[in-house]
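A structural walkthrough
Below are the chains, spelled out letter by letter.
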Amino acid sequence: MGNSHQGGVAHAATVSKFYSQTAWIEGRAEDQLTHVSNWPGMKHIAAFPDLHPGRHGPVGAAFLADRLYPQLIGPDIGCGMALFALDLSPRRLKLDKAARRLRVLQEPLPEDLVQDALVANGLARPDGLGTIGGGNHFCEVLEVTASEAGSPIAKGALCLLVHTGSRGHGARVYNAVDEPWKEGFDPGSAAALDYRELHDAAQHWANVNRLLIAERAAEALSSDAALICDAPHNHLEEVDGLWLHRKGAAAPDHGLAPLAGSREAPSFLLKVRETATPDALWSVSHGAGRKYDRASMHGRIKLNRSGLAAMERTAQGGRVICENRDLMIEEAGAAYKDVTSVAADLEDAGLAARIATLKPRITFKCTRKEGQS
DNA sequence: ATGTAC
């Protein structure tokens, strides 16, 4: 664990794996790791215990190269997890009422507020600003059930975890990248400079989006949200003249990063030891990581006659608002790895320590739209 | 992951 070793091919990047022998890692994810390690200019890769297969390379890894690879970042540029403290006590949180109120997150942000946000933050386009989007994105209310020394949130407090990114804005940037780009971009090329400028703007857009969603959710709950940390996990960063690509690997914010579990498992706040482990490329896991791909989940989850309703309440008594049947199945707790094992591997590797345990109470994913099942 | 088109 954590030991660096050369790949089998000349000039391949070094790969550091921060997971134990018993970690759930698909062979295909490790094959992708080896494949990317042979890309031109790839120097070093850090792979984390949430590693799983992705479209152009594994998710749950950080890649350091002397070239730029937009496909390693993907369309959701700037996607990340932001954690907020809520000014609201668990006793005052009425789950069903609060869940109903959070449904406002499905609505577009009112146009006047969009315009205000664009001006205040120097953003170019609305592109769905203030909404969380689909896939694995969510806005969740959690209760702090354990808190260690150094934690900014106390046991018994409520917090808000927002997982979203740059929506249509980053997707447009990504989809506009001229192919072919399999060899990556020379960092000095016009294409690279263009991508970097648009990427940085999309990352900022995503950052603002998480803050706006937290404000909307807090207002719906008649509370206030105070930012604890906002850790992006899909982005490009220059490090000593090289290019660090994070794909589902979190960049800690002031040494903190949320580690998302699932609707059936806790999440954790991690204190990250950023300087101790350059082999980890100043990154950690951002969540449990997918155990089963979306398609295969439909054969694994059998909804009974009560259908979605059975999944709208978790075993822990939490509420889930996800009125898209397919998404509910694809995002079931069973689709994710054991987050406690992921956290233990990060701790054993000396990368991070859990300083707070967060139990999901209400997860907002989506309400029903016309035409959806 | 997205918006749009089928």
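In what follows, the structure referred to is the one given above.
A brief report on the enclosed structure follows. In this convention, every chain numbers its residues from 1, walking through the sequence in written order. Think of it this way: whatever chain is written first is A, whatever ligand is written first is 1, and the rest follow in order. A pLDDT threshold of at least 70 governs which residues receive local features in this predicted model, and a stricter bar of 80 or more applies before side-chain atom pairs are shown or counted, although totals over entire chains, interfaces and linings include all residues. As a convention, hydrogens and water are excluded, and side-chain values are obtained from all of the structure's heavy atoms.

Section: helix H4 (residues 111-121)
Cut-off, in case you're wondering: For each residue, the accessible area found with a 1.4 Å probe, counting protein chains only, is set against the maximum for its type, and the residue is called buried under 20%, exposed over 50%, and partly exposed in between. Working definition: helices are DSSP H or I runs of at least four residues, strands are E runs of at least two. Numbering for both runs from the N terminus. The arc in question is formed by the directions pointing from the helix axis toward the C-beta atoms. Only heavy atoms matter for contacts: two residues are in contact if any of them lie within 4.5 Å across the pair.
Those residues of H4 that fall on the buried side of the exposure criterion are Val-114, Ala-117 and Leu-118. Down the axis of H4, the sector holding all buried residues measures 100 degrees, keeping them to one side. Within H4, the exposed residues directed more than 90 degrees away from the buried face are Val-119 and Ala-120. Against helix H6 (190-220) lie the buried residues of H4. Positive phi appears at Gly-122, one or two residues downstream of H4, with a value of about 65 degrees.

Some points on the packing of aromatic side chains
We count it as follows: Two rings from Phe, Tyr or Trp (for Trp, the six-membered ring) form a pair when their centres sit within 6.5 Å of each other. Planes less than 30 degrees apart are called stacked, planes more than 60 degrees apart edge-to-face, and all others tilted. In this analysis the charged atom, NZ for Lys or CZ for Arg, is taken to sit over a ring once it is within 6 Å of the ring centre and within 35 degrees of the ring normal.
Tallying each qualifying case throughout the model produces three aromatic pairs. For the pair Phe-18 and Phe-48, a centre-to-centre distance of 5.7 Å together with 15 degrees between the ring planes defines the contact as stacked. Remark: Phe-48 occurs in strand S3 (residues 42-52) and Phe-18 occurs in the loop between strand S2 (14-17) and helix H1 (27-37); sequence separation between them is 30 residues. Classification of Phe-48 as buried rests on a relative accessible area of 0%. Aromatic side chains Trp-24 and Tyr-292 sit 5.7 Å apart centroid to centroid with 80 degrees between the ring planes, which places their arrangement in the edge-to-face category. Remark: Tyr-292 occurs in the loop between strand S14 (284-285) and helix H7 (294-300) and Trp-24 occurs in the loop between S2 and H1; sequence separation between them is 268 residues. Its relative accessible area of 41% is what places Trp-24 among the partly exposed residues. If you follow Arg-263 out to its NZ or CZ, it ends over the ring of Phe-138, 4.6 Å from the centre. The aromatic ring of Phe-268 is capped on one face by Arg-354, whose charged end is 5.2 Å from the ring centroid.

Some points on the layout of surface pockets
Stated precisely, the cut-off is as follows: Using a 1 Å grid laid over the protein atoms alone, points where a 1.4 Å probe fits but cannot get out form a cavity; open sets with protein on both sides within 12 Å along at least 5 of 7 lines form a pocket; any residue with an atom within 4 Å of a point counts as lining. Grid points are joined across faces, edges and corners, and a volume is the space filled by probe spheres set on the points.
One number sums up the size of the largest pocket: a volume of about 860 Å³. If you go around the largest pocket, you meet 41 residues; those closest to its centre are His-52, Val-59, Asn-136, Lys-247 and Arg-294. Going through the elements one at a time, strand S4 (59-65) and helix H2 (70-73) are the ones with two or more residues in the lining of the largest pocket. The computed volume of the second largest pocket comes to approximately 250 Å³. Along its surface, the second largest pocket is lined by Val-104, Leu-109, Pro-110, Leu-113, Asp-116, Ala-117, Leu-212, Glu-215, Arg-216, Glu-219 and Ala-220.

Focus: the nonpolar core
Test applied: Only buried residues count toward a nonpolar core, which is a set of Ala, Val, Leu, Ile, Met, Phe, Trp, Tyr and Cys residues joined through side-chain atoms within 4.5 Å.
Membership of the largest hydrophobic core comes to 41 residues, with the highest contact counts inside it found for Phe-48, Leu-259, Val-284 and Leu-351. Examining the composition of this core, we find that four residues originate from one element, helix H9 (residues 339-348), more than from any other. Setting aside chain neighbours within four positions, we find Val-284 in contact with Phe-48, Ala-249, Ala-250, Ala-257, Leu-270, Val-272, Leu-351 and Ala-352. Grouped together as the second largest cluster of nonpolar side chains are 25 residues, Leu-95, Ala-98, Ala-99 and Phe-364 included.

Brief notes about the environment of Ala-157
Topologically, Ala-157 is positioned in the loop between strand S6 (138-147) and strand S7 (158-164). Sequence separation of Ala-157 and Tyr-174 is 17 residues, and the distance between their C-alpha atoms is 39 Å.

Here we look at unusual backbone geometry
Phi at His-254 takes a positive value of approximately 50 degrees, unusual for a residue other than glycine. Within the element layout of this structure, His-254 appears in the loop between strand S11 (249-250) and strand S12 (256-259). Looking at His-254, the relative accessible area reads 72%, which means it is exposed. In the Ramachandran plot, Trp-282 falls in the positive-phi region, its phi being about 55 degrees despite a non-glycine side chain. Along the chain, Trp-282 turns up in the loop between strand S13 (267-272) and S14.

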